[in-house]
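# Close look at the chain arrangement
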Amino acid sequence: MKNPNFDYDVVYIGSGHAAFDGAKTLCKQGFKIAFVEAVAVGGTCPNWGCNAKITLDGPVTLAKTQRRMKGIVEGDTKLNWKENIKHKREGILPIKVDREATMKSLGMDVIHGFAKFTDAHTLEINGEHVTSDKIVIATGLTPHKVEIEGTELSHDSQDFMELEDMPKRMAVIGTGYIAMEFATMANEAGADVTMFMHGDKALRPFYQPYVQILMDEMKKSGIKFVENSGLRAFEQNGDEYTVTYADNQQLTVDYILDASGRVPMVHNMGLEEVGVKFDAKKGIEVNEYLQTSVENIYASGDVAATGQPNLTPTATFESQYLKHLFAGETDQPIDFPAIPSVVFTSPRISQMGVTVDEANASDEYTVEEHDLTDTWFRQITKEPVVKNAYIFDKQHRLVGFTEISDQADNAIDMIVPAVNMKMTPLEIERNVHLFPSIGHDTWKNI
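An unreviewed UniProt entry lists the protein under the name NAD(P)/FAD-dependent oxidoreductase, with Apilactobacillus apinorum given as the organism. Of the comments in the UniProt record for the protein, the one headed Sequence similarities (unreviewed entry) reads "Belongs to the class-I pyridine nucleotide-disulfide oxidoreductase family." Within the UniProt record for the protein, the comment given under Cofactor (unreviewed entry) is "FAD".

Let's shift gears to the packing of aromatic side chains. Counting across every chain of the model gives twelve aromatic pairs. With a centroid separation of 5.6 Å and 25° between ring planes, the pair formed by Tyr12 and Phe35 is classed as stacked. Pair noted here: Tyr12 is in strand β1 (residues 8-13) and Phe35 is in strand β2 (residues 33-37), with a separation of 23 residues, a long-range link. Both residues of the pair, Tyr12 and Phe35, count as buried. Ring centres of Tyr177 and Phe206 lie 5.6 Å apart, and the angle between their planes is 75°; this geometry places the pair in the edge-to-face category. With Tyr177 in helix α6 (residues 177-188) and Phe206 in the loop between β9 (192-196) and α7 (208-220), the pair connects residues that are 29 residues apart, well separated along the chain. Judged by relative accessible area, which is 2%, Phe206 ranks as buried. In textbook terms, an aromatic cluster arises when at least three aromatic residues are bridged by ring pairs, as seen for Tyr12, Phe20 and Phe35.

A word on the pairing of strand β5 (residues 122-125). Bridge count for strand β4 (residues 115-119) against β5 is four bridges, and the pairing is antiparallel. Across the sheet, residue Ala115 finds its bridge partner in β5, namely Ile125. Linkage of β4 to β5, two consecutive antiparallel strands, is achieved through a turn of two residues. Across four bridges, β5 lies against strand β6 (residues 128-137) in antiparallel orientation. By the bridge assignment for β6, Ile125 is matched with Glu128. The antiparallel hairpin formed by β5 and β6 contains two residues in its connecting segment, where Asn126 sits at a positive phi of about 55°.

With that settled, consider the pairing of strand β13 (residues 249-253). Sheet topology places strand β12 (residues 240-245) next to β13; five bridges connect them, and they run antiparallel. Looking at β13, one finds that Tyr245 is bridged to Gln249. Between the end of β12 and the start of β13, which pair antiparallel, lie three residues, with Ala246 showing a positive phi angle near 45°.

In this chain, Ser346 is followed by Pro347 through a cis amide linkage whose omega measures 0°. A cis amide bond links Phe435 with the next residue in sequence, Pro436, at an omega value of -5°. Relative to the assigned elements, Pro436 resides in the loop between α14 (425-429) and α15 (438-443). Even without being glycine, His396 reaches a positive phi, approximately 55°. Tracing the backbone through its elements, the reader meets His396 in the loop between β22 (387-392) and β23 (398-405).

This paragraph deals with the packing of helix α3 (residues 50-68) against helix α4 (residues 81-105). Relative orientation of the contacting elements α3 and α4 amounts to 145°, with a least axis distance of 9 Å. Like other packed secondary-structure pairs, α3 and α4 cross with a definite hand, here right-handed. Contacts between α3 and α4 pair Asn51, Ala52, Thr55, Leu56 and Pro59 from the former with Trp81, Asn84, Ile85, His87, Lys88, Ile92 and Ile95 from the latter. Each residue belonging to the contact of α3 with α4 can be placed in one class, and the counts come to seven nonpolar, four polar and one charged.

Ranked by size, the top nonpolar core spans 51 residues in total, and within it Trp81, Phe160, Met166, Met170, Val172, Met180 and Met195 carry the most contacts. If we skip the residues at most four places from it in the chain, Met195 touches Val172, Gly174, Thr175, Ala179, Met180, Ala183, Met218, Ile223, Lys224, Phe225 and Val226. In this structure, Val10, Cys27, Phe31 and Val41 belong to the second largest nonpolar core, which totals 25 residues.

Mapped onto the fold, Val274 is located in helix α8 (residues 271-274). Apart from the residues within four sequence positions on either side, Val274 is in contact with Phe117, Thr118, Asp119, Ala120, Val294 and Ile297.

So, on to the side chain of Gln291. Inspection of the secondary structure assignment puts Gln291 in the loop between β17 (283-284) and β18 (297-299). Using a relative accessible area of 19% as the deciding quantity, one classes Gln291 as buried. Within the structure, the side chain of Gln291 is placed 2.7 Å from the backbone oxygen of Glu295, a separation counted as a polar contact. In contact with Gln291, not counting residues within four places along its chain, are Glu285, Val286, Ile297 and Tyr298.

Moving on, we come to the sheet that holds strand β14 (residues 255-258). Taken in spatial order, the four strands line up as β10-β9-β8-β14 in an open sheet, and their pairing is parallel. In this open sheet, the two edge strands, each paired with only one partner strand, are β10 (224-226) and β14. When the angles between neighbouring strand axes are averaged without regard to direction, this sheet yields 20°. Alignment of β9 against β10, held across three bridges, turns out to be parallel. Looking across to β10, one finds that Phe196 is bridged to Val226. Lying on the sheet, α6 is in contact with β8 (169-173), β9, β10 and β14; it crosses β9 at an angle near 165°.

Conventions we followed
- Residues numbered from 1 in each chain as written.
- Predicted model: local features only at pLDDT ≥ 70, side-chain atom pairs only at ≥ 80, totals over all residues.
- Heavy atoms only, no water.
- UniProt positions renumbered as here; feature names shortened; annotations may be inferred.
- Phe/Tyr/Trp six-rings, centres within 6.5 Å; stacked < 30°, edge-to-face > 60°.
- Helix = DSSP H or I, 4+ residues; strand = E, 2+ residues; numbered from the N terminus.
- Buried < 20%, exposed > 50% of the residue type's maximum accessible area, 1.4 Å probe, protein only.
- Pairing = 2+ DSSP bridges.
- Axes fitted to C-alpha atoms, helices over the stretch in contact; angles between N-to-C directions.
- Left-handed = near helix turned anticlockwise from the far one by under 90°.
- Contact = heavy atoms within 4.5 Å.
- Nonpolar A, V, L, I, M, F, W, Y, C, P; charged D, E, K, R; others polar.
- Core = buried A, V, L, I, M, F, W, Y, C linked by side-chain atoms within 4.5 Å.
- Polar contact = N/O pair within 3.5 Å; in protein donor to acceptor, adjacent residues only side chain to side chain.

Okay, structure coming up:
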């Protein structure tokens, strides 16, 4: 133990990637570590985020590919949602069980309960007090609820991921990551999906021409979009629900999914009492060392207002940085790399680094766009949409990338080193890739 004046050297409020990934190495270096978890060990990512989402999406992409290959692959593919949920549970439950077992095997404590600050070094949990030299707030985000009459009648993303039977008619509020992904799943499972948009654009951080292509593909699948919906109220009538919007227009559905966004988990923790500054929408204020307004209290992951994408890789990077900082292995501020993000729809959209819009607004960059729909490798699975854009600096080093395709997640993952290592054209040339492959297709245009 590094500081005998406290019960622990570091206490993490939360047990997701923003905490665990760095903490396990600190523990091996002799630090006394504890996690306080109010809900589920592992946090959002495995339980209601990345792992769970991809498990549910796998059969969706398989079904869509099978339809494109009809005649070559015989038979009809129909998504059994009840079995899909069962499969998800079978895959997710071991993660949190194994995670907690790993924590304890390394000598880290897991305290189940809700943490509240009583002073800068003390947390009250289940009526008991725990002290720590440093405290890391890694509580993440929680689903947002639209502020209209009857909002309590809606369901959030966590509810959707436990939905045993897919309803016939579904209203989806929002057009961000979660809304677009879950609408795709519900549509494939047979639901009649209507998406209610706050404005006239979906997936605002992404390249809008690609977003429009995605929306067109979703419309072909039967998903409907209501732009500038002006939501007014939700009402229940027996087993049905009425969504009132715009000029008193109404839609009757069987289920309302509120995917209007996520907000930081910062309330009822005593942050105000100890002087930790935060914004209820943006998260906890941190400096370039992920340090809050209180010297020994830090914030990591989605709850930290860093301006970075709220993604698992970001949380992991931050937790690893804090590990190096606490262990005395660095005294430098955090230096974020370009972090890839992907919308897991059909087709997918991926993006990292300098965006097309940023590049077009500057003389420092050039944009090279490609349509790969007719290329040999993409025709093997008859992909209907394959477009990408590369952003280069004046030395022709790759600084940004975006793609829309069924393989957009794999494509962007292949070129992360080219962006973050600022590879020169000669260095890129020396990276020889397997042929035929998505990697080869992606790198050949750099």
